[in-house]
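A structural walkthrough
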Amino acid sequence: MARNIGVHTVVTGFSIKFVGMETMDLAQREKTFEDKIKSGIKIEPKDWMPDRYRKQLIRMMSQHAHSEIVGMLPEGNWITRAPSLSRKLTLLAKVQDEAGHGLYIYSATETLGIDRLEMISQLHTGKAKYSSIFNYPTTNWADIGTIGWLVDGAAIVNQTALAKCSYGPYSRAMIRICKEENFHNKQGYQLLAHMMEGTKQQRDMAQDSLNRWWWPSLMMFGPSDKDSPNSAELMRWKVKMHSNDFLRQRFIDRTVPQAEAIGLRIPDPKLRWNEETQHYDWGEIDWDEFYTVIKGNGPCNRQRMQARVDADVRGRWVRKAAEAYAKKHMN
Ligand code: FAQ
């Protein structure tokens with residue numbers, strides 16, 4: 001049975017819905033949400049939030065968590081070949097830190113109502129992305145320095161902004177992660193500075209490494225603003241505090257003097273300091289390469305995903321044992 005009572009009430013069987021009130025409730029909730037965003041109050045897991053805000057956060061945060069985990073692979077490749085015990089220990093600790101970052105961010109994403117296993121299945125089936133940078137190979141020891149310096153350096157620029165974002169659990173995870181990434185950044189730079197004081201062969205290795213990683217590092221910030229479909233919405237909700245191009249420029253401005261200080265040459269013939277803008281002018285990113293990599297066809301995409309899927313299969317017995325143990329102790 002359905003009956004109209006004025007414009008506000010609909011009766012269906014035994015349930016009575018106050019349509020007008022429901023609409024007002026939603027409008028009120030949206031207003032409260034928008035007011036919090038405007039005044040810089042964090043949104044917490046139990047707060048009401050628009051579905052689209054939740055979906056966007058799950059997309060971006062799960063991609064971030066996957067990046068931390070897949071990001072262990074290129075560096076992990078060098079643990080057994082580090083040239084000294086102290087370098088091996090530092091690298092081992094760094095790779096473990098990245099695992100920790102992945103776990104914080106998976107946990108923070110779970111507060112949005114998605115299960116970790118579902119996120120991992122989205123990664124393995126190609127539904128969720130991870131950062132393009134981790135699809136490049138680490139072919140010489142200097143790459144370990146370059147990843148710490150450039151990749152963690154780019155991550156810091158991005159993540160110090162995210163530490164101020166509107167979603168509480170994500171912003172708090174970023175504060176701790178940035179502290180650790182800062183250490184990674186310094187150890188990477190120190191490794192390269194050390195090589196640049198070494199033999200010609202060591203200096204050439206460091207320069208070769210920078211030549212290969214410079215442009216992919218700039219791609220970490222995402223497509224240029226005009227081609228970034230998610231930025232406007234994410235910036236309105238203060239998930240992203242700055243645009244992709246703004247952060248990319250900030251990274252270039254802070255990194256170029258560091259390269260010069262240790263005698264490395266940035267592989268960009270168009271790079272110039274611009275007195276007027278007080279920023280570096282620079283060349284053009286190869287966007288075809290960027291889209292090839294994020295569509296799954298970069299130099300190591302298949303290898304990286306295979307390594308993650310294999311690890312998942314090999315770890316199944318651990319998860320089963322943990323489940324059995326938990327069940328036993330619940331009774
Ligand atoms: N790689 O509309 P936008 C690290 C996708 S952590 C792959 O601009 P958005 C630590 C994007 O997802 C590094 N895909 O997207 C570490 C979207 O596709 P979708 C990871 C990319 O979200 C160091 C499409 O393109 N950090 O390095 C990339 O507004 C050393 C359109 O782009 C984060 O994830 C890319 N580079 O902005 C670990 C930080 N760029 O999803 C180990 C959080 C864009 O619609 C060793 N994320 N896409 O299918 C963010 O800040 C943002 O998500 C951006 C992209 C800036 C990455």
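In the block above lies the structure referred to throughout.
Residues numbered from 1 in each chain as written. Predicted model: local features only at pLDDT ≥ 70, side-chain atom pairs only at ≥ 80, totals over all residues. Heavy atoms only, no water.

1. Observations regarding the overall build of the protein chain
- Each helix and strand in the protein chain was counted, giving 13 helices and 5 strands.
- Based on the C-alpha atoms only, the size of the protein chain along its principal axes is roughly 85 × 65 × 35 Å.
- Taking all 331 residues of the protein chain together, the buried fraction comes to 45%.
- By sequence separation, contacts in the protein chain at least 24 residues apart represent 74% of the contacts at least 6 residues apart. (Helix = DSSP H or I, 4+ residues; strand = E, 2+ residues; numbered from the N terminus. Buried < 20%, exposed > 50% of the residue type's maximum accessible area, 1.4 Å probe, protein only. Contact = heavy atoms within 4.5 Å.)

2. What to know about the layout of surface pockets
- The calculated volume of the second largest pocket comes to roughly 450 Å³.
- As for the second largest pocket, its lining consists of 16 residues, and the residues nearest its centre are Ile69, Ile120, Arg308, Asp312 and Arg319.
- In terms of residue count, the dominant contributor to the lining of the second largest pocket is helix α5 (residues 116-124) (6 residues).
- Counted by class, the lining of the second largest pocket contains 9 nonpolar, 2 polar and 5 charged residues. (1 Å grid on protein atoms, 1.4 Å probe; cavity = no way out; pocket = protein on both sides within 12 Å on 5 of 7 lines; lining within 4 Å. Points joined across faces, edges and corners; volume = space filled by probe spheres on them. Nonpolar A, V, L, I, M, F, W, Y, C, P; charged D, E, K, R; others polar.)

3. What to know about helix α4 (residues 85-110)
- With 26 residues, α4 extends 38 Å between its outermost C-alpha atoms, agreeing within 8% with the 38 Å of an ideal straight helix rising 1.5 Å per residue.
- Buried-residue contacts for α4 involve α2 (51-70), α3 (72-76), α5, α6 (142-162) and α7 (168-196). (Expected span 1.5 Å × (residues − 1).)

4. What to know about unusual backbone geometry
- At Lys238, a position not held by glycine, the phi torsion is positive, near 55°.
- Considering the arrangement of structural elements, one finds Lys238 in the loop between α9 (231-236) and α10 (244-261).
- The class of Lys238 is partly exposed, set by a relative accessible area of 28%.
- Of note, the phi angle at Gln278 is positive, near 60°, even though the residue is not glycine.

5. Section: the site of the ligand
- With respect to spatial proximity, 36 residues lie near the ligand, and among them Gln63, Lys129, Ser132, Ser228 and Lys240 are the closest.
- Asn230 is positioned with one of its side-chain polar atoms (N or O) 3.0 Å from an oxygen atom of the ligand.
- When isolated, the ligand has an accessible area of 1,100 Å², and the protein chains bury 92% of it.
- Contributions of two or more residues to the shell around the ligand are made by α2, α4, α6, α7 and α11 (287-297).
- Considered class by class, the residues forming the shell around the ligand number 15 nonpolar, 12 polar and 9 charged. (Near = heavy atom within 4 Å. Polar contact = N/O pair within 3.5 Å; in protein donor to acceptor, adjacent residues only side chain to side chain. Areas by Shrake-Rupley, 256 points an atom, 1.4 Å probe, with all protein chains shown as cover.)

6. Side note on a nonpolar patch on the surface
- On the surface, Leu85, Leu89 and Leu92 cluster together into a nonpolar patch covering about 300 Å² of accessible area.
- Looking at the element boundaries, Leu92 is found in helix α4.
- You can call Leu92 partly exposed: its relative accessible area is 35%. (Patch = residues over 30% accessible without salt bridge, like charges linked within 9 Å, V, L, I, M, F, W, Y side chains within 5 Å. Salt bridge = Lys/Arg side-chain N within 4 Å of Asp/Glu carboxyl O.)

7. Re empty space enclosed by the protein
- Enumeration over the complete set of coordinates arrives at 1 cavity of 30 Å³ or more.
- If you add up the space inside the largest cavity, you get close to 30 Å³.
- Contributing to the lining of the largest cavity are Arg87, Thr90, Leu91, Trp141, Ile144, Gln187 and Leu191.
- Counting residues per element, the ones that place at least two in the lining of the largest cavity are α4 and α7.
- Considering every element that reaches the lining of the largest cavity, the biggest residue donor is α4, with 3 residues.
- Across the lining of the largest cavity, the residue classes break down as 4 nonpolar, 2 polar and 1 charged.

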